[in-house]
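Understanding the architecture of this molecule
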Amino acid sequence: MSAETLSAPPGRSTSRWTSLPSLWRQTPLSFRIGLIVLVIHLLVAVTGPFWAPYGFSQMGTGRPLSGMSRVHPFGVDQLGRDIFSRVVHGSHIVILLSLSGTFLGLVVGAVLGLFSGYVGGWIDEIIQRFLEALISIPFLVLALIAIAAAGPELSGNPVLIVLVVALVYAPRIARMARSVAVDIATRDHVTVARLRGESAWSVMRRELLPNATSVLLVEFALRAGYAPVLIGSLGFLGFGLRPPTPEWGLMISENRALIIVTPITVLGPGLALASLVVGLNLFTEGLARILGRTVKLGVQ
Amino acid sequence: MIDAEPVISVEGLSVSYRQGAGFLRVVEDVSFAVAPGEVFGLVGESGCGKSTIALQMLGYRPPAMRTDAGAIKFEGRDLLDLDRAGLDRVRGARIAFVPQNPTTALNPGIRVGDQIDEILAAHGAGDSRVRVARTLDLFGLVGLPAKLDFLRRYPHQLSGGQQQRVCIAMALACDPAFVVLDEPTTGLDVTTQEQIVALLIDLRARLRMSMLYVTHDLGLLSQIADRVGVMYAGRMVEIAPTAELFTDPKHPYTRGLVGSIPRIEDRSGLPARPLRGLLQRHELPKGCPFAPRCDWATQECFEVRQELEPAGAAREVACWRWPEISVPPDARAVSQAPEIDHAETLLAIDNVSVIYGSGRNAFVALRDISLDIGKGETFALVGESGSGKSTLARAVAGLIAPAEGTIGLSGKPLTGLVRNRTPEERRLIQFVFQNPDASLNPRARIAKALSRPLEFFFGRSSEANVQAALADVRLDGKYAARFPDELSGGERQRVAIARGLVAEPSLLLCDEILSALDVSVQASILALLQRLKIERGIAMLFISHDLAVVRMLADRVCVLFRGDIMEIGRRDEVFSAPFHPYTHSLLEAVPTPLKPHPQRGASVEAAGTPSATGCAYAGRCAWQIGEICETERPPWRETGEGLRIRCHHSLEELTRRATWPNEPPTDTQDRRAMQ
């Protein structure tokens, strides 16, 4: 028989990313809106400190509790601080803490989940029961327990907040990662790697992780969308960052007594928080649709 | 029978599928008619549009599908004009469908009797008592037990063959005039496949219904079809009566297809003239779609469209050069690889038993298996599904630890599980899996799949190594940058083989590596394996249920049944008398072009349970002696040539009983007279 070599027909990978505008038009509407909201938030977070009208702890910027005005769109608090400036200054804190906490949770959760799902057996059982125990505790309660356990000297430390966010999310992300790993681990290409004698770590990195990226990406975006709420809640309850940090939840808490007099001092930071969460969620939903997955959005 | 008014006729049908922003034409101006009582076979490789036509004949219109032109005339109406309500009245009652995969076609949560009852009720077949009686009749008709408690079974309580019988009963429920069968036996093993085909032949004779039989297996059509339509790239390229199609194919593509069928009687090795290349839809010329792969193509073929034209009595062919090329093509055959005298043993399997589960649920997958494979030898394991072939390969690879016995490589015993073996031992045994879709990481480029074993085993890998590995399996170097989903099934299987080869193994375990591929692709992979065997001298444990393939490739053959060796020996001895009764039944079940139809009625599948002490084949054996088969393990019968058969019958008796091979009539005239 003639030794015939198959020539390669043109692949589609070369033409996949031809035109950016046409790609943009193909994305779901929710993705586009979410992305625009996110970009605005990120721009504010990065450039805000340079153009915010006042400093975040600058007092006497106006008459306390004077309400909404052209100079003070979100009003002025009891100490005479401009709420709008504080919201702008706080933006990068909220976003940075949310993303880094979620990312840490993602890394820990993915490693734990992929390992547990791939190795299986009694190791998997132990890890899963442990994670289930953590998940069964409502996330705010879990966060409070962790902060209490860390002791008073760490209270208000941003690193602690990041660790707490990671602790709350890692078990949930781990369960998703495990379900993907259990599915992929039975495929033949993983068997081939096992027959070769690859270590569990190598199989996870080379065979499992690349096939779990879309799930993990959606999971990351989904969790990141609720992280500002968690951080805000901790701040509101007084377990988060310390005053005078312009963290949004803390600000809502500080001004909550004034909600009858000047509602805008609470609504302002609330609006910032809500738009960030809605933006992230719309983005996630769109992203999930692009990646061909469905996610259930709702309060976790 | 072609002169009669056709039951259904497809006229100038063109169909497109939505692809991105535009539409891709998948069926182009196809016309044919099916006469009453006729079985029309539709054949072609995957993606040629045969299933699309089958769906159109059922009036099934998925949203992404667009009918551009044509008509499907059935009982005075055009199916393409019917609305939903009109189709509901026709489908199930007048036109019925038998799907490819009965496991997914049956609702797992509904009892099989109720699933048939649904159809009868939908088409108003009387009250429930009448319907149950009808269902029982149908079960009897398709060779299932016509008992009430059988109606109450769930699909998972039935075997694959029984499930397909239920699907056939469902199709026959309302006495349709026309039945569409879409690859109805593709997922079944050879013996079950034979039973289903025999059932269909029997039903056709009894019920006089017309059928459209869609398949990629040309050998199968020779048994059941009256006429065959050959499709290529959405066009009908040849229509001919079955016998003539096999003896005198006119279109170059049909010649390639017929030539690609591995024939079990054929002892000259590879098919005379296998097809080259692949169907590539994006580079079809505007003339004849087959021109790029055609050995007879001229410049004009690429530009002039070919239409079906009459070519003799009741034949049509879409090739303007058919009178010129009707001379037999020159044989490009490679002779069968010389048998290797295996002086040196590579793999020794001694008294290996594999048991799944434990305690009361223990299942003996392999019972006391001993065999050895020589250096450079191709050793074939044959048997139906569940016979333990794959289990043996998995035990050799170290995926399952044998409960008893030892497996030795080059004289050194291997530990049971792969994680306890040395890297060298792992390198020397490489595994190629059945399904190329799952055996390549979808997120890794081909280059990565090939370079990883090199890095792992030799600590080095370069672009040149990857290119060399691709060249070994006859793939262009450009494939290195691709992801697996940009490759066809055959190309992926080549990559999987290349991945095994880069480790420079001494033993390649091939677990049904051809069964997921089209017949023309199979032929090219087979040629590749044949060449590797000669050039590289790699030993292969080749697992297959396809005896024709085994006959072409193997040096020695072992026939397994329910975990026990029935027969083992050199290829030519296994394929000639004396046979073990099971080997004999396997050989008789092979669908071969122009083998006389099996003259059997609808038979219920024998469901004997293997006895722990006796012969594994007892209960299903046609030549069973009596009680001794159930109670006593048969002795080995050995011929002087090293053939070993495990049977209570003596070798003389086994030779006497052998009726295979059923040599087909050699003269074309005789065959015409037979029809």
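1. Notes on the overall build of chain A
Within chain A, the regular secondary structure consists of 10 helices and zero strands. The order of α-helices and β-strands along chain A, N terminus first, is α-α-α-α-α-α-α-α-α-α. The dimensions of chain A, computed from C-alpha atoms along their principal axes, are 95 × 50 × 30 Å. Buried positions account for 43% of the 300 residues belonging to chain A. Within chain A, contacts between residues separated by at least 24 positions form 70% of all contacts whose residues are at least 6 apart in sequence.

2. Brief notes about the sheet that holds strand E6 (residues 95-98) of chain B
Residues and elements named next belong to chain B. The strand order E6-E7-E8-E3-E9-E10-E12-E11 describes an open sheet built from eight strands, whose pairing is mixed. Every interior strand has two partners, whereas the edge strands, E6 and strand E11 (309-310), have only one. The pairing of strand E3 (residues 39-43) with strand E8 (residues 210-215) spans five bridges and is parallel. Each residue of the ladder has a partner; that of leucine 42, found in E8, is valine 214. Together, E3, strand E7 (178-182), E8 and strand E9 (227-232) form the strand contacts of helix H1 (residues 50-57), whose direction differs from that of E8 by roughly 150°. Here helix H7 (residues 160-172) sits on the sheet and contacts E6 and E7; the angle it forms with E6, its principal contact strand, is near 175°.

3. Regarding the packing of helix H5 (residues 139-150) of chain A against helix H6 (residues 158-185) of chain A
All names here are of chain A. Look at H5 against H6: their axes get within 10 Å of each other, and the N-to-C directions meet at 140°. The angle between H5 and H6 places the two elements in the oblique class. Both H5 and H6 take part in a crossing whose hand is right-handed. Side by side, H5 and H6 meet where Phe139, Leu142, Ala143, Ala146, Ile147 and Ala150 of the first sit next to Leu160, Val164, Leu167 and Val168 of the second.

4. Comments concerning the domain arrangement of chain B
How big an interface is tends to be expressed through the accessible area that disappears when the partners come together. Residue and element names in this part refer to chain B. By the assigned domains, chain B splits into domain 1 (8-83 + 184-325), domain 2 (95-173) and domain 3 (345-505). Taken residue by residue, the interface counts four residues in domain 1 and four residues in domain 3. When its residues are assigned to classes, the side of domain 1 that touches domain 3 shows two nonpolar, one polar and one charged.

Criteria and cut-off values
Residues numbered from 1 in each chain as written. Chains lettered and ligands numbered in written order. Predicted model: local features only at pLDDT ≥ 70, side-chain atom pairs only at ≥ 80, totals over all residues. Helix = DSSP H or I, 4+ residues; strand = E, 2+ residues; numbered from the N terminus. Buried ≥ 20, exposed ≤ 12 C-beta atoms within 10 Å, placed from the backbone. Contact = placed C-beta atoms within 7 Å. Pairing = 2+ DSSP bridges. Axes fitted to C-alpha atoms, helices over the stretch in contact; angles between N-to-C directions. Parallel < 35°, antiparallel > 145°, perpendicular 65-115°, else oblique. Left-handed = near helix turned anticlockwise from the far one by under 90°. Domains from an automatic or database assignment. Nonpolar A, V, L, I, M, F, W, Y, C, P; charged D, E, K, R; others polar.

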